[in-house]
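Coordinates in review
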Amino acid sequence: MNAILQDNSAEVREKPPVQAAYFVRGKLVAGDEVVHRSRDLGIDFAAPKIDLNAVIQPRAELPPMLDVPIAEIIDFLVETGERLDLDRNAYLQEALELVVETNPLPRRIVENLYRGARLYMSREFLEASIAANFAEPAALDGWIERTDAHGQKGAIRAFPPRILHMLAGNSPSGCVNSIAQGALVKAVNLFKMPSSDPFTTVAVLRTMADIDPEHPVVHSMSAVYWRGGDERIERTLYRPQYFDKIAAWGGGDAINNVIRYLGPGLELVSFNPKTSISMIGSEAFEADAPVDEIAERAASDATIFNQDACVASRFVYVEGDREGIERFCAKLAERLPVDRDTASIKAPLMPGNVREEIEMLEMTDECRLWGRPDGSGMVILTDEPVSFHPTGKTVNVVHLATLDDAIRYVNVATQTIGVYPDARKAVLRDRCASAGGQRVVRLGSARAHLLGNPHDAMYPLQRFVHWMSDEAI
């Protein structure tokens, strides 16, 4: 096979690359001209060359969904969701076999994520998203007239944007939400697929095309892959004459790379890397407290996607009796190596440098340890947060005099804060928000979401659209 190795290596791979196709404005594009390597597992996959002219829609062309009623778009998305049934959808079945080659999540978890992805295209989810994001949803379908306090008249419209979506690599089902969001704002969409999953997005778009290959939603969607930081592609695409917004999910390096290209007319809507935490009051460590239940709640929050998710808790701040806290830590360590919908018994091993830091801590009197650093789960009890990023089902329990002291560890990178008991949420939530926290929940419910609620302290759809004003003053 004549393939261009993306890393310019002349090394001959013993295992042939898996094949990844693209989807460009309604058409499947196959080819194996370029070989890329997945970030997490180092697996090669072959893909077509990107035709930049094909993935860019000139601004002289009106967006395909401009005059399609939002109700019709929702109907189309709902039908797509009904067809995203893993047991019956051949495209998803094929994508599953490929994803397990390139993604670190175990096969069973990927299957569970696929089965749950249809929620993003349920009528309840879609309509709740519209209602929460837009005070006047009719602005998506046309010009809305308004008159101000001085009697001056004008009109506004939520005009369809041109969005380049940098999809997240830690959840193979996350692309379904991004596709739905792009359709709800009637955008012209280009999805940059992650190297850990250059398959699922195309499978969903092919499902749409089977319903109606000429539908404006289908012709508004393209999905390709390039290595992040490839200036040959990014210097061309990251321009305001082609896109209004870059919706970026990714690590700090990926976000910083995008920032280099920002300027007037090109806005970043960033779902930045986040860290989630838990706060547990002294009530949990009293002699008659349900310690087994509390440990299970904390473990379920900490192990989401094997702790490779922004919403997964890594630090648990506690107040109360030391003996009770140590009893909780022992129970928590027992609940970490449990098979769950989004977690396996063992997670991938933590990096070597993190294991070395834990070993150094163990040689001091500054901590107590439960479990093992082998992916099955570990609890580290300290009086100050550890300096490293807990991963591989590793939870740092931090003993404080009061939960008020935990507020100083909340910042703009703190996404979800799980709290026990429930009554403490009302006491803590304003202070958490002032410190930069974005979401407070009951301990054990970090993965559950209220339909239509903000994400990362914003309403994304409202930020995606191009608000156009017609002022008759």
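Residues numbered from 1 in each chain as written. Predicted model: local features only at pLDDT ≥ 70, side-chain atom pairs only at ≥ 80, totals over all residues. Heavy atoms only, no water.

As a further point, take the pattern of salt bridges. In the structure shown here, the tally under the stated rule is 32 salt bridges. Measuring nitrogen to oxygen at the nearest pair gives 3.3 Å for the salt bridge that ties Lys274 to Asp456. Taken together, the positions of Lys274 in the loop between strand S13 (267-271) and strand S14 (275-280) and Asp456 in the loop between strand S20 (439-442) and helix H14 (460-464) put the pair 182 residues apart, joining distant regions of the chain. Taking relative accessible area as the criterion, Asp456 reaches 14% and is therefore assigned buried. In this structure, Glu296 and Arg340 form a salt bridge, with 2.6 Å as the shortest nitrogen-oxygen distance. Of this pair, Glu296 sits in helix H10 (residues 291-302) while Arg340 sits in the loop between helix H11 (322-335) and helix H12 (352-362), and the two are 44 residues apart along the sequence. Overall, the relative accessible area of 25% leaves Glu296 in the partly exposed class. In this structure Arg340 comes out as buried when scored by relative accessible area, which is 13%. (Salt bridge = Lys/Arg side-chain N within 4 Å of Asp/Glu carboxyl O. Helix = DSSP H or I, 4+ residues; strand = E, 2+ residues; numbered from the N terminus. Buried < 20%, exposed > 50% of the residue type's maximum accessible area, 1.4 Å probe, protein only.)

This next bit is on the domain arrangement of the chain. By the assigned domains, the chain splits into domain 1 (11-273) and domain 2 (275-442). The C-alpha-based centres of domain 1 and domain 2 are spaced at 34 Å. If you look at the interface, domain 1 gives ten residues, while domain 2 gives twelve residues. Taken over both partners, the interface formed by domain 1 and domain 2 buries close to 840 Å², and the fraction arising from carbon and sulfur atoms is 57%. Contact with domain 2 buries area across many residues of domain 1, yet Arg108, Ile109 and Asn170 alone supply 46% of it, more than any other trio. Counting across the interface, domain 1 meets domain 2 through one salt bridge. Between Arg108 and Asp339 there is a salt bridge, and its shortest N-O distance comes to 2.4 Å. Run the count over domain 1 and domain 2 and you get five residue pairs in polar contact (both at pLDDT 80 or more). (Domains from an automatic or database assignment. Contact = heavy atoms within 4.5 Å. Buried area = accessible area lost by both parts, 1.4 Å probe. Polar contact = N/O pair within 3.5 Å; in protein donor to acceptor, adjacent residues only side chain to side chain.)

Our next topic: the environment of Gly228. Relative to the helices and strands, Gly228 is located in the loop between strand S11 (221-224) and helix H8 (231-237). Between the C-alpha atom of Gly228 and that of Val258, which follows or precedes it by 30 residues, the distance is 9.2 Å. Apart from residues no more than four positions distant in its own chain, Gly228 is found in contact with Lys192 and Glu234.

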